[in-house]
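# Reading the structure
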Amino acid sequence: MKGLITIRIAIDGPAGAGKSTIAKMIAEKLNILYIDTGAMYRAITYLALQNDIACTDEKALSKLAQESEIMLIRSCEGKQLVVCNDVDITEEIRDPEISNNVSLVARHEGVRKELVKKQQNLARQHDVIMDGRDIGTVVLPDAECKIYLTASLEERASRRYKEIRTKGYRESYEDIKKDLEERDFLDKNRDVAPLRPALDAVVLDTTNLSQEQVVSAILKIYQQKKRGI
Ligand code: DC
């Protein structure tokens, strides 16, 4: 729950820039809640595919987002679980089929309105680090610390490739690269809440940085912002 001093750290950036890994590490260091907003869009995409709802059907998708209970829970082993309507879908939402459709679902204003409401409610109740595409611009425009994480397309594809292989999926590097490129394009060019750095965000290119270097750079920025430097 919230302490006396509110902490809101917003991490935005394209797919595969390392947002979730870095945000989890910072959440642990600062003992605050990590909220993976991409997992919420993935959960709605998963439900839509399960229920034969087309990714173009904004009305049905918005209703799904409104009526679904999405919980982001930390397991006893420290794993982040995604539980939707009481079903654990942590692994299912990482399936390439979800990755290939999620940007089509996330482009709808009605879906975003519902999920942003849920995200803002969580930030009212907890100190948070939240990652996504519109956190610094729309969800938490007053966040004390805003970071825009990026990396070259090749580096991001190579990171995703390694991650996906350890999970047993057999997508090729080229397919992953193409998927990231398409998603970046859709996320940056949609009408509602497109992916872009907030005017007051610090842009960090992580192409040649280790995870530890990125974490310490963000913690430094956070301390400076807190002291009003
Ligand atoms: O972070 P991710 O790759 O799991 O996100 C999946 C998709 O969800 C991404 O392609 C765009 C969308 N998304 C969004 O539009 N807004 C957010 N705040 C988070 C994710």
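Please read these numbers as outputs of a predicted model, since none were measured by experiment.

Our next topic: the overall build of the chain. Each helix and strand counted, the chain has 9 helices and 8 strands in total. Taken over C-alpha atoms, the radius of gyration comes to 17 Å for the chain, in line with the 17 Å a tight globule of 229 residues would show. The principal-axis extent of the C-alpha atoms belonging to the chain is close to 50 × 40 × 35 Å. Burial statistics for the chain: of 229 residues in total, 49% are counted as buried. Partitioning the contacts of the chain with sequence separation of at least 6, the portion at a separation of at least 24 is 73%.

Turning our attention to the nonpolar core. Membership of the largest hydrophobic core comes to 35 residues, with the highest contact counts inside it found for Ile-70, Leu-115 and Leu-140. Listing elements by their share of this core, those giving two or more residues are helix 2 (37-50), helix 3 (58-67), strand 3 (70-74), strand 4 (80-84), helix 4 (96-106), helix 5 (109-125), strand 6 (128-132) and helix 6 (135-139). If one sorts the elements of this core by residue count, helix 2 sits on top with 8 residues. Among residues more than four places away in sequence, those in contact with Leu-115 are Met-40, Tyr-41, Ile-44, Ala-65 and Ile-70. In terms of nonpolar packing, the next biggest core, distinct from the first, is built from 21 residues, Tyr-34, Ile-129, Leu-149 and Ile-218 among them.

Attention now moves to the pattern of salt bridges. Taken as a whole and assessed by the stated rule, the structure comprises 16 salt bridges. Here Arg-74 and Glu-28 are joined by a salt bridge, their closest N and O atoms 3.5 Å apart. Of this pair, Arg-74 sits in strand 3 while Glu-28 sits in helix 1 (residues 19-30), and the two are 46 residues apart along the sequence. Across this residue pair, the class does not change: Arg-74 and Glu-28 are exposed. Arg-112 serves as the salt-bridge partner of Asp-134, at 2.9 Å between the closest nitrogen and oxygen. With Asp-134 in the loop between strand 6 and helix 6 and Arg-112 in helix 5, this pair connects stretches of sequence that are 22 residues apart. Arg-112 matches Asp-134 in its accessibility class, with the two residues each being buried. It is possible to trace a salt-bridge network through shared partners that takes in Arg-133, Asp-187 and Arg-190.

Conventions we followed
Residues numbered from 1 in each chain as written. Predicted model: local features only at pLDDT ≥ 70, side-chain atom pairs only at ≥ 80, totals over all residues. Heavy atoms only, no water. Helix = DSSP H or I, 4+ residues; strand = E, 2+ residues; numbered from the N terminus. Rg over C-alpha atoms; globule rule 2.2 N^0.38 Å. Buried < 20%, exposed > 50% of the residue type's maximum accessible area, 1.4 Å probe, protein only. Contact = heavy atoms within 4.5 Å. Core = buried A, V, L, I, M, F, W, Y, C linked by side-chain atoms within 4.5 Å. Salt bridge = Lys/Arg side-chain N within 4 Å of Asp/Glu carboxyl O.

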